[in-house]
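Single-letter residue listing:
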Amino acid sequence: ICLDYQKRSPDKIRFIFSDENVGMHRNFAGIWHRARGKYVAFLEGDDYWASSEKLAKQAALMEANTMFSMCGAYTEIAKQNAAGVWKTEGRLGPEIEKKSYSFEDLMPAYTFHFSSVMLRKKIVSFPLWFWNIYCVDRALYLLCAERGPAGFIPEVMSVYRHHEGGIWQPLNWEEKAKKSEHLFRVLGAHFDGKYAPVFRQALGNILWSYMAEAFKTGDSSAAKKIYWQSMRFLFPRSNGHQLKLTISMFIQLYLPSLYTNLKTFGNKDVR
């Protein structure tokens with residue numbers, strides 16, 4: 001299929017392939033250095049662009065706003081049900097809609113899905129650590145945002161097909177937690193500790209979400225380990241609400257019978 005497209009548009013499409021599996025990072029590096037355009041957009045795995053105007057609209061936005069280092073859009077999440085039918089299950093994108101997002105805006109959350117992003121190629125310089133982290137997208141956004149804000153087009157422009165065949169999904173919860181901690185430690189060191197409190201909070205929140213998912217799927221052993229891992233980043237800055245959640249989760253993990261009794265008692269009508 002790729003060769004067919006290249007034959008039809010040889011002036012626009014170059015097909016780059018490897019005789020063997022070179023891995024995600026080497027593949028990314030090889031394609032990046034072969035890219036000749038002013039802007040770079042990404043489309044990986046089974047994801048797809050949902051708008052025929054995506055590239056044109058993003059390039060126009062970047063041309064009109066030369067301070068933008070990159071831009072993103074909304075991405076639909078598609079999951080396959082038991083019958084093999086793909087169903088839309090929400091979307092990815094910023095919680096608060098703005099025309100642009102600063103470095104500080106992009107630090108705490110995974111604001112844009114990779115399939116929705118276009119960036120200005122010449123502004124990015126890759127540090128050596130970039131090729132040893134588990135994912136490139138989040139780190140790439142921050143390397144871009146160092147040089148200028150990210151623009152935003154409030155439209156669904158891509159679809160993320162969520163399934164177990166990707167690189168990230170097959171990892172167990174402990175592996176995900178370990179890789180996430182490594183990523184944030186590397187980012188913290190790269191920015192000389194300048195944003196340490198924000199990175200700590202973001203990592204703590206990510207680890208907490210992994211812990212909750214592990215607990216929900218019945219993997220209590222992993223949930224307990226990640227619970228204490230998350231506490232190293234969340235507990236020192238806990239407010240009253242976080243402390244209540246922390247205690248509640250501890251009881252669920254280590255004293256499930258007590259938690260059940262307390263919940264039953266709390267749900268009884270007071271007469």
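So, here's what we can say about the structure. (Residues numbered from 1 in each chain as written. Predicted model: local features only at pLDDT ≥ 70, side-chain atom pairs only at ≥ 80, totals over all residues. Heavy atoms only, no water.)

### Overview of the packing of aromatic side chains
Inference 1: Overall, the coordinates contain 31 aromatic pairs when judged by the stated rule.
Inference 2: Look at Phe 28 and Phe 130: their rings are 6.1 Å apart centre to centre, the planes differ by 50°, and that puts the pair in the tilted class. Of this pair, Phe 28 sits in helix H2 (residues 24-34) while Phe 130 sits in the loop between strand S6 (118-120) and helix H5 (137-145); the two residues are 102 residues apart in sequence, bridging distant segments of the chain.
Inference 3: Here the aromatic cluster, defined as three or more aromatic residues joined through ring pairs, consists of Phe 28, Trp 32, Phe 42, Tyr 110, Phe 114, Phe 126, Trp 129, Phe 130, Trp 131 and Tyr 141.
Inference 4: Against the face of Trp 86 rests Arg 161, its NZ or CZ located 5.5 Å from the ring centre. (Phe/Tyr/Trp six-rings, centres within 6.5 Å; stacked < 30°, edge-to-face > 60°. Helix = DSSP H or I, 4+ residues; strand = E, 2+ residues; numbered from the N terminus. Lys NZ or Arg CZ within 6 Å of the ring centre and 35° of its normal.)

### Looking at helix H6 (residues 173-190)
Inference 1: Over its 18 residues, H6 extends 26 Å from the first C-alpha to the last, a length consistent with the 26 Å expected when each residue adds 1.5 Å.
Inference 2: Of all the positions in H6, only Trp 173, Lys 176, Ala 177, Ser 180, Glu 181, Leu 183, Phe 184, Val 186, Leu 187 and Gly 188 are classed as buried.
Inference 3: Buried positions along H6 lie against H5, helix H7 (196-216) and helix H8 (220-234).
Inference 4: For H6, the N-terminal cap is Asn 172; the gap from its side-chain oxygen to the backbone nitrogen of Glu 174 is 3.1 Å. (Expected span 1.5 Å × (residues − 1). Buried < 20%, exposed > 50% of the residue type's maximum accessible area, 1.4 Å probe, protein only. Contact = heavy atoms within 4.5 Å. Polar contact = N/O pair within 3.5 Å; in protein donor to acceptor, adjacent residues only side chain to side chain.)

### As for the environment of Gly 148
Inference 1: Relative to the helices and strands, Gly 148 is located in the loop between H5 and strand S7 (150-162).
Inference 2: Between the C-alpha atoms of Gly 148 and Ile 123, which are 25 residues apart in sequence, the distance is 9.2 Å.
Inference 3: Those residues in contact with Gly 148 that lie beyond four places of it in its chain are Met 67 and Ser 69.

### Examining H2
Inference 1: Along H2, the residues classified as buried are His 25, Phe 28, Ala 29, Gly 30 and Trp 32.
Inference 2: Summarising the contacts, the buried residues of H2 are in contact with strand S1 (39-41), S6 and H5.

### So, the pattern of salt bridges
Inference 1: In this structure the tally under the stated criterion is 10 salt bridges.
Inference 2: Its salt-bridge partner being Lys 57, residue Glu 155 comes within 3.0 Å of it at the nearest N-O pair. One end of the pair, Glu 155, is in strand S7; the other, Lys 57, is in helix H3 (residues 54-64), with 98 residues separating them in the sequence.
Inference 3: With relative accessibility at 29%, the residue Lys 57 sits in the partly exposed group.
Inference 4: Its salt-bridge partner being Asp 105, residue Lys 98 comes within 2.9 Å of it at the nearest N-O pair. (Salt bridge = Lys/Arg side-chain N within 4 Å of Asp/Glu carboxyl O.)

### Points about the nonpolar core
Inference 1: With 56 residues, the main nonpolar core has Phe 42, Phe 112, Leu 119 and Phe 130 as its most contacted residues.
Inference 2: The leading source of residues in this core is H7, at nine residues. (Core = buried A, V, L, I, M, F, W, Y, C linked by side-chain atoms within 4.5 Å.)

### Focus on the packing of H6 against H8
Inference 1: One way to put it is that H6 packs onto H8 with a least axis distance of 9 Å and a crossing angle of 15°. Classified by the interaxial angle, the pair formed by H6 and H8 is roughly parallel. As for the relative orientation of H6 and H8, their crossing is left-handed in sense. Contact residues: H6 offers Trp 173, Glu 174, Ala 177, Lys 178, Glu 181 and Arg 185, while H8 offers Ala 222, Lys 225, Ile 226, Gln 229, Arg 232 and Phe 233.
Inference 2: For the contact of H6 with H8, the class distribution of residues is five nonpolar, one polar and six charged. (Axes fitted to C-alpha atoms, helices over the stretch in contact; angles between N-to-C directions. Parallel < 35°, antiparallel > 145°, perpendicular 65-115°, else oblique. Left-handed = near helix turned anticlockwise from the far one by under 90°. Nonpolar A, V, L, I, M, F, W, Y, C, P; charged D, E, K, R; others polar.)

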